[in-house]
Amino acid sequence: MQRLFKFLDSIPQGVFVLTKEGKPFFANKAAQEILGKGVVNVSPKKIIEEYKIYRVGTDELYSVEDQPSYKALKGEVSTVSDMEVVRDDKRIPIRVTGAPIYNSDKTIEYAIVVFYDITEEMVLNRSRDEFFSIASHELRTPLTAIRGNTEMILDNYKDKIKN
């Protein structure tokens, strides 16, 4: 088991495991770094408050039912990108995937949650969107002028044909 924990600790993404009751069981080093703490013995409903998990860009705590960990304990695999953790007054947006872990009897024994910081991805997306918005605006102005001039030429040509 110790070897497995060493393997999990070497993964650069956060790995968090919950028991079938929804209690934290394991958090690798990356998870502890992102969350700002390791495994805390709290009830499933208190996890959100304890780890300060919010919906991105709001002061709204993430609902238990929408969390991939909760869905994993119900047998679903899910991924969300609208979650953030608040640590040291800093908001860290994360992409989270949860999946159930079954025992030999085909019943859920654990839920595994893998997550990582998507701050850079969000910055790149925002930069890309701003670039396309500016480029679109800058291209629209000359294209409007070209269209207007073309219509004027066509109107003059139509007038000359009629005469």
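Residues numbered from 1 in each chain as written. Predicted model: local features only at pLDDT ≥ 70, side-chain atom pairs only at ≥ 80, totals over all residues. Heavy atoms only, no water.

**Let's talk about the nonpolar core**
- With 24 residues, the main nonpolar core has F16, Y51, M83, I94, V96 and F115 as its most contacted residues.
- Mapped onto this core, the elements with two or more residues apiece are β1 (14-19), α2 (29-35), α3 (44-50), β4 (78-87), β5 (90-102) and β6 (108-117).
- In this structure I94 touches I34, V80, S81, M83, E84, V85, F115, Y116, D117 and I118, once residues within four positions along its chain are discounted. (Core = buried A, V, L, I, M, F, W, Y, C linked by side-chain atoms within 4.5 Å. Buried < 20%, exposed > 50% of the residue type's maximum accessible area, 1.4 Å probe, protein only. Helix = DSSP H or I, 4+ residues; strand = E, 2+ residues; numbered from the N terminus. Contact = heavy atoms within 4.5 Å.)

**Quick word on the confidence of the model for the protein**
- With 91% of its residues at a pLDDT of at least 70, the protein reaches an overall mean of 86.
- Mean pLDDT across the elements of the protein bottoms out in helix α5 (residues 119-162) (72) and peaks in β6 (96). (pLDDT = per-residue confidence, 0-100.)

**Details of the pairing of β4**
- Pairing of strand β3 (residues 53-55) with β4 involves three bridges; the strand directions are antiparallel. For R55, the partnering residue across the bridge sits in β4 and is M83.
- In this structure, β4 lies alongside β5, joined through eight bridges in antiparallel fashion. Each bridged residue has a counterpart across the sheet, and for M83 the counterpart in β5 is I94.
- The turn linking β4 back onto β5 is made up of two residues, and D88 within it adopts a positive phi angle of 55°. (Pairing = 2+ DSSP bridges.)

**Focus on the packing of aromatic side chains**
- Under the criterion given, the structure shown has three aromatic pairs.
- Taking the centre distance of 4.7 Å and the plane angle of 10° together, the rings of F5 and F26 count as stacked. Linking F5 in helix α1 (residues 2-9) with F26 in strand β2 (residues 24-27), this pair joins segments that are 21 residues apart in sequence.
- The class for F26 is buried, based on a relative accessible area of 9%.
- When the ring of F25 is compared with that of Y110, the centres are 5.2 Å apart and the planes differ by 45°; the resulting orientation is tilted. Placement of the pair is F25 in strand β2 and Y110 in strand β6, with a sequence separation of 85 residues.
- Taking the ring centre of Y62 as reference, the NZ or CZ of R55 above it sits at 4.3 Å. (Phe/Tyr/Trp six-rings, centres within 6.5 Å; stacked < 30°, edge-to-face > 60°. Lys NZ or Arg CZ within 6 Å of the ring centre and 35° of its normal.)

**Describing the pattern of salt bridges**
- For the structure on display, the rule yields eight salt bridges.
- Residue K46 is joined to E49 by a salt bridge in which the shortest nitrogen-to-oxygen separation is 3.6 Å. Pair noted here: K46 and E49 are both in helix α3, with a separation of three residues, about one helical turn.
- Here K46 falls in the partly exposed class, since its relative accessible area comes to 45%.
- Measuring nitrogen to oxygen at the nearest pair gives 2.7 Å for the salt bridge that ties R91 to D59. Of this pair, R91 sits in strand β5 while D59 sits in the loop between β3 and α4 (68-73); the two residues are 32 residues apart in sequence, bridging distant segments of the chain.
- Overall, the relative accessible area of 34% leaves R91 in the partly exposed class. (Salt bridge = Lys/Arg side-chain N within 4 Å of Asp/Glu carboxyl O.)

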